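A closer look at the structure
Listed here are the chains, written in short residue letters.
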Amino acid sequence: MTADQATAEKLIDMIMNYSRAQLVRTAVELNIADRLAGGPRTAGELNEEIGGHLDALSRFLKACTAIGLLEEPEPERFALAPLGEFLRTDTHAGSAISKVALGAAGPGMYRMGEYFTEVVMTGQPVAKSAFGLDFYDYYAANAVEGARFGQMMALMTHGCAEALATTFDFGPYRKIIDIGGGHGMLLSRILEAAPHTTGVVFDMPETVAGARTYMEEQGLADRAEFVAGDFHSELPSGGDLYTIKTVLCDWDDEHVARILANLHRATTPGTEVLLIDWIMPADAYGNKDFLIGLYLGSFNMLAQSGGKIRTLAEWTALIEGAGFQISDTLTLPDPPTHWDVLRLTRR
Ligand SMILES: C[S@@+](CC[C@H](N)C(=O)[O-])C[C@H]1O[C@@H](n2cnc3c(N)ncnc32)[C@H](O)[C@@H]1O
């Protein structure tokens, strides 16, 4: 193979990634890994459970062998390859990866890609072009998709929440309000670490319902309130600590300023806020992959809802402009990535 052919193949590989992502998502939706956990089966046997179109299923399974999820040890008999084993939901890793497949490769995230050129030309989010709705309104209107997004976010927050709960002393606080708290993962880990505190998950109505379910499962719902609202309009008062994780990065400066102004109005001088988000670093902490992830994230967030991953100088301007000051910064390890935490005090 010439160098040019190798380069072309690399690009074609990149271009074909879209169908691979969808094959993985579909394998998860159809529970293929769980159905093959007991050993090889034919397409016909699988289809008796799935109730699909036999020829299409057979071709789908062969496509899954092409991308390394499955093997075909004998004609028309399919078995899990090592990659496919990793999708079994009876394993910790498989259950996690399955949630990522359903959330990250679902239409809510995926269809935005069709409009990336529009993003570049306008500098505006394109959820309305893709769905006729703003990004989070799309999830609110599509219960299954919304729940999958929420579960994926909770999963992405798990390591960070555990790291924060062991690093930061939540003991002195009585009531912690998590703004845009999703399915309650962060608040759950905090309440576990600080047994005398209570908390509030503040989010959109559909999402706080997911938080209630999760925190009931965790046995923590009796120490939590679930408050539905719109952080662009108003935030609940009465917390002596507020947390806000991976929320402000979703929005442009104007929206961030409005959310922070609402937080200022809801709080009294001295109230503390933990802003947990990403900071665009100059040197990516020596981790090139992490920097690439931030570049991708920053563009994707612009496409979704107008957001941005900000430098510390950009964060500082917004925070101070809204009447808060940064009293401390810390970095939480959550390999292979990490989270930045800005501790703010309301002036
Ligand atoms: C990227 S998720 C972060 C969730 C959670 N903080 C975490 O880190 O896992 C953003 C959250 O903001 C919520 N959200 C979006 N728009 C909102 C609004 N106008 N008012 C309240 N919550 C909103 C979403 O429902 C979602 O749970």
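Thresholds, definitions, all that
- Residues numbered from 1 in each chain as written.
- Predicted model: local features only at pLDDT ≥ 70, side-chain atom pairs only at ≥ 80, totals over all residues.
- Heavy atoms only, no water.
- Helix = DSSP H or I, 4+ residues; strand = E, 2+ residues; numbered from the N terminus.
- Rg over C-alpha atoms; globule rule 2.2 N^0.38 Å.
- Contact = heavy atoms within 4.5 Å.
- Domains from an automatic or database assignment.
- Buried < 20%, exposed > 50% of the residue type's maximum accessible area, 1.4 Å probe, protein only.
- Polar contact = N/O pair within 3.5 Å; in protein donor to acceptor, adjacent residues only side chain to side chain.
- Near = heavy atom within 4 Å.
- Areas by Shrake-Rupley, 256 points an atom, 1.4 Å probe, with all protein chains shown as cover.
- Nonpolar A, V, L, I, M, F, W, Y, C, P; charged D, E, K, R; others polar.
- Salt bridge = Lys/Arg side-chain N within 4 Å of Asp/Glu carboxyl O.
- Pairing = 2+ DSSP bridges.
- Axes fitted to C-alpha atoms, helices over the stretch in contact; angles between N-to-C directions.
- Arc of directions from axis to C-beta.
- Core = buried A, V, L, I, M, F, W, Y, C linked by side-chain atoms within 4.5 Å.
- Right-handed = clockwise from strand over helix to strand, strands pointing away.

Moving on, we come to the overall build of the chain. In terms of regular secondary structure, the chain is built from 17 helices and 10 strands. Taking 20 Å as the expected radius of gyration for a compact globule of 347 residues, we find that the chain reaches 22 Å, a close match to that expectation. Based on the C-alpha atoms only, the size of the chain along its principal axes is roughly 70 × 50 × 40 Å. Partitioning the contacts of the chain with sequence separation of at least 6, the portion at a separation of at least 24 is 65%.

What follows concerns the domain arrangement of the chain. Per the domain assignment, the segments of the chain are domain 1 (3-103) and domain 2 (151-346). Placing a centre on the C-alpha atoms of domain 1 and another on those of domain 2 gives a separation of 35 Å.

Moving on, we get to the side chain of Lys-245. In this fold, Lys-245 is placed in strand E7 (residues 241-245). With relative accessibility at 7%, the residue Lys-245 sits in the buried group. A distance of 2.9 Å separates the side chain of Lys-245 from the side chain of Thr-157, its partner in a polar contact. Among all residues touching Lys-245, those that are not within four sequence positions of it are Thr-157, Cys-160, Asp-178, Ile-179, Leu-186, Ile-276 and Trp-339.

Around the ligand there are 16 residues in total, and Thr-157, Gly-180, Asp-203, Asp-230 and Lys-245 lie nearest to it. In the model, a nitrogen atom of the ligand is placed 2.7 Å from a nitrogen or oxygen of the Gly-180 main chain. In this structure, an oxygen atom belonging to the ligand sits 3.4 Å away from a side-chain N or O atom of Thr-207. Coverage of the ligand by the protein amounts to 94% of the 590 Å² it exposes when considered alone. Of the residues contributing to the shell around the ligand, the split by class is 5 nonpolar, 7 polar and 4 charged.

Moving on, we get to the pattern of salt bridges. Counted under the stated rule, the structure contains 19 salt bridges. For Asp-13, the salt bridge is made with Arg-20, and the minimal N-O distance between the two is 3.1 Å. Given a relative accessible area of 31%, Arg-20 falls into the partly exposed group. In this structure, Arg-41 and Glu-49 form a salt bridge, with 2.7 Å as the shortest nitrogen-oxygen distance. Its relative accessible area of 43% is what places Glu-49 among the partly exposed residues. When salt bridges that share partners are traced, they join Arg-25, Glu-29 and Arg-148 into one network.

Of note in this structure, Asn-31 is not a glycine but carries a positive phi near 55 degrees. You can see Asn-31 is positioned in the loop between helix H2 (17-29) and helix H3 (32-35). On the basis of relative accessible area, Asn-31 is assigned to the partly exposed category, the value being 35%.

The sheet built from 7 strands is open, its strands ordered E6-E5-E4-E7-E8-E10-E9 with mixed pairing. In this open sheet, the two strands that pair with only one neighbour each are strand E6 (224-228) and strand E9 (324-334). Each strand axis lies, on average, 20 degrees off the axis of its neighbour in the sheet, ignoring direction. Across the sheet, helix H13 (residues 185-193) touches strand E4 (175-179), strand E5 (198-203), E6, E7 and strand E8 (272-277), and the angle it forms with E5 is around 175 degrees.

So, on to helix H17 (residues 312-321). The complete set of buried residues in H17 reads Trp-315, Leu-318 and Ile-319. Within H17, the buried residues cover an arc of 95 degrees as seen down the axis, which keeps them to one side. Residues of H17 that are exposed and point more than 90 degrees away from the buried face comprise Ala-313, Ala-317 and Gly-321. Close packing links the buried residues of H17 with helix H15 (253-266), E8, E9 and strand E10 (337-346). Looking at the residues trailing H17, positive phi occurs at Gly-323, about 95 degrees.

By the criterion of burial, H13 is predominantly enclosed, with 7 of the 9 residues buried. Turning to H13, its buried residues are Met-185, Leu-186, Leu-187, Ser-188, Arg-189, Ile-190 and Leu-191.

We now examine the sheet that holds strand E1 (residues 41-42). Read across the open sheet, the 3 strands follow the order E1-E3-E2; overall the sheet is antiparallel. Both edges of this open sheet fall to E1 and strand E2 (70-74), since each of them pairs with a single strand only. Relative to strand E3 (residues 77-80), E2 runs antiparallel, the two sharing 3 bridges. Bridge pairing links Leu-70 to Leu-80 in E3.

Judged by nonpolar contacts, the single largest core of 40 residues is most densely connected at Ile-179, Phe-231, Leu-235, Ile-244, Leu-248, Leu-263 and Leu-275. Looking at this core, the element that brings in the most residues is H15, giving 5 residues. In contact with Ile-179, other than residues within four places in its own chain, are Phe-202, Phe-231, Leu-235, Tyr-242, Thr-243, Ile-244, Lys-245, Val-247 and Leu-263. By size, the runner-up hydrophobic cluster in this structure holds 39 residues, among which are Val-201, Leu-220, Leu-241 and Met-280.

Here we take up the pairing of E5. Extensive coverage of E5 is indicated by the burial of 5 of its 6 residues. Sheet topology places E4 next to E5; 5 bridges connect them, and they run parallel. Within the sheet, the bridge partner assigned to Ile-176 lies in E5 and is Gly-199. Taken together, E4, H13 and E5 form a β-α-β motif whose crossover is right-handed. Pairing between E5 and E6: 5 bridges, direction parallel. Each bridged residue has a counterpart across the sheet, and for Val-201 the counterpart in E6 is Phe-226. The parallel pair E5 and E6 is bridged by helix H14 (residues 205-217), and the resulting crossover is right-handed.

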